[in-house]
Amino acid sequence: MQVPPPDHNQTGTAVCLAPGLNRIVAPNPSTLTLHGTNTYIIGTEHLTVIDPGPDSAEHLDALLGFMAGRPVARIILTHSHIDHSGLAPALALATGAPLCAFGASDAGLTPVMQEALVRGGLGDQTGIDPTFQPDVLLRHGDRLETDMHPLRVLHTPGHMGNHISLMWGDMGFCGDHIMGWSSTIISPPYGDLGSYMASCDVLLAQNATRLFAGHGAPIDSPNTRIAELVAHRKQRGHDILTACTEPMTARDLAHIVYTDIPPPLIPAATRNVLAHLIDHLGAGELTIDGPLTDTVKFAPAQHKTQEATLS
């Protein structure tokens, strides 16, 4: 079977990426979603949907039109940001398929981030789907049968605690963990830098030949791209630590470190900086005076005036 070259900018139309794999891009383009959220449909007779996308009647019509009444075995969420999960209830209702995911939006968090979530103070969490509840819980190593290759579940927290990736033969679906056109946002407390880096190691160990991301084109040299992103994160962490020479907030440091991005992206950059600062705090390289919030000032450990605390 000859697969036609895909148009990665096209929304609303099914594009064949591999035998038994089609993708429909949702109509939600933005600086953070590129052309829109990628919804993947596996199978020919019994379908599996990965990431339904945003709550959009137009996108629902496009998905149901492509399905043409074929049975849907399951709807899988890589994670519960609303640009991936918003359409899930409507699609489940229309198809009768169960929603499968690692858990609700607060699942899979580290103890530190669980505590921070309960305490509050880490800022706006726009984009989190607070009501998402899966019908079926997926766990690392689970195997799901499809018309084609089976899917193997990998728990890959970092972008969110409940984030999963899926291996499909020698190819994989990586949600928002790895993208070819951008690095992902890690926004505490749902995002965690240490978890993200560990999950990169999990994906590297798969030696995938191709990764299908939540936004943008497929990644044809996955391990090269993962290594680039790991190196980028390590360099960014070094730059942030070097720039933090006196008590400064995450936003202060974002303006210093992110000098090559448009001003509208500074809030997103600030979330990434906060993730790095929390990581440095946990390593004992930085300190804070008082409880951890998104406006607290971080300082080099030698400036410590009282015991740093996450409580």
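Residues numbered from 1 in each chain as written. Predicted model: local features only at pLDDT ≥ 70, side-chain atom pairs only at ≥ 80, totals over all residues. Heavy atoms only, no water.

(A) View of the packing of helix 1 (residues 57-67) against helix 3 (residues 88-95). Contact pair helix 1 / helix 3: the axes reach a minimum separation of 11 Å and the direction vectors enclose 30 degrees. In terms of axis orientation, helix 1 runs roughly parallel to helix 3. Remark: the crossing between helix 1 and helix 3 carries right-handed chirality. Here Leu60, Leu63, Leu64 and Met67 of helix 1 come into contact with helix 3, specifically with Ala90, Leu91, Ala94 and Thr95. In terms of residue class, the contact of helix 1 with helix 3 is made up of 7 nonpolar, 1 polar and no charged. (Axes fitted to C-alpha atoms, helices over the stretch in contact; angles between N-to-C directions. Helix = DSSP H or I, 4+ residues; strand = E, 2+ residues; numbered from the N terminus. Parallel < 35°, antiparallel > 145°, perpendicular 65-115°, else oblique. Left-handed = near helix turned anticlockwise from the far one by under 90°. Contact = heavy atoms within 4.5 Å. Nonpolar A, V, L, I, M, F, W, Y, C, P; charged D, E, K, R; others polar.)

(B) The arrangement of the side chain of serine 187 in detail. Here serine 187 is to be found in the loop between strand 11 (171-175) and helix 5 (193-204). Among the polar contacts made by the side chain of serine 187, one reaches the side chain of arginine 271 at a distance of 2.8 Å. Once residues lying within four places of it in the same chain are set aside, the contact partners of serine 187 are Gln125 and Arg271. (Polar contact = N/O pair within 3.5 Å; in protein donor to acceptor, adjacent residues only side chain to side chain.)

(C) Summary view of the packing of aromatic side chains. Enumeration over the complete set of coordinates arrives at 4 aromatic pairs. For the pair tyrosine 40 and phenylalanine 212, a centre-to-centre distance of 5.8 Å together with 55 degrees between the ring planes defines the contact as tilted. Separated by 172 residues along the polypeptide, tyrosine 40 in strand 3 (residues 38-42) and phenylalanine 212 in strand 12 (residues 210-213) bring together distant segments of the chain. Relative accessible area serves as the criterion here: at 2%, tyrosine 40 is assigned to the buried category. Residue class for phenylalanine 212 comes out buried when judged on its relative accessible area of 0%. Consider the rings of tryptophan 168 and phenylalanine 173, whose centres lie 6.1 Å apart with planes at 50 degrees: the pair is tilted. Overall, tryptophan 168 belongs to the buried group, its relative accessible area being 1%. For phenylalanine 173, a relative accessible area of 1% puts it in the buried group. Ring pairing ties together the aromatic residues Tyr40, Trp168, Phe173 and Phe212, which thus form one cluster. Above the ring of phenylalanine 102, the side-chain terminus of arginine 139 is found at 4.3 Å from the ring centroid. One cation-aromatic arrangement involves arginine 236 over tyrosine 258; the distance from NZ or CZ to the ring centre is 4.0 Å. (Phe/Tyr/Trp six-rings, centres within 6.5 Å; stacked < 30°, edge-to-face > 60°. Buried < 20%, exposed > 50% of the residue type's maximum accessible area, 1.4 Å probe, protein only. Lys NZ or Arg CZ within 6 Å of the ring centre and 35° of its normal.)

(D) Spatial organisation of the packing of helix 6 (residues 222-243) against helix 8 (residues 266-282). Orientation of helix 6 relative to helix 8, taken along the N-to-C sense of each, is 75 degrees, at an axis distance of 10 Å. In this view, helix 6 runs roughly perpendicular relative to helix 8, as classed from their interaxial angle. Taking contact as the criterion, the partners of Arg233, Arg236, Gly237, Ile240 and Leu241 in helix 6 are, on helix 8, Asn272, Val273, His276, Leu277 and His280. The class makeup of the residues in the contact of helix 6 with helix 8 is 4 nonpolar, 4 polar and 2 charged.

(E) Local environment of the sheet that holds strand 10 (residues 164-168). The strand order across the open sheet built from 5 strands is 8-9-10-11-12, with neighbouring strands paired in mixed fashion. The outermost strands of the open sheet, each flanked by one partner alone, are strand 8 (143-144) and strand 12. Pairing between strand 8 and strand 9 (residues 151-155): 2 bridges, direction antiparallel. In the sheet register, leucine 144 faces strand 9, and the bridge partner there is leucine 151. (Pairing = 2+ DSSP bridges.)

(F) Representation of the confidence of the model for the chain in the model. When the pLDDT values of the chain are averaged, the result is 93; 94% of them are 70 or greater. Below pLDDT 50 for its whole length, residues 304-311 participates in 20 contacts with residues either more than four positions away or in separate chains. (pLDDT = per-residue confidence, 0-100.)

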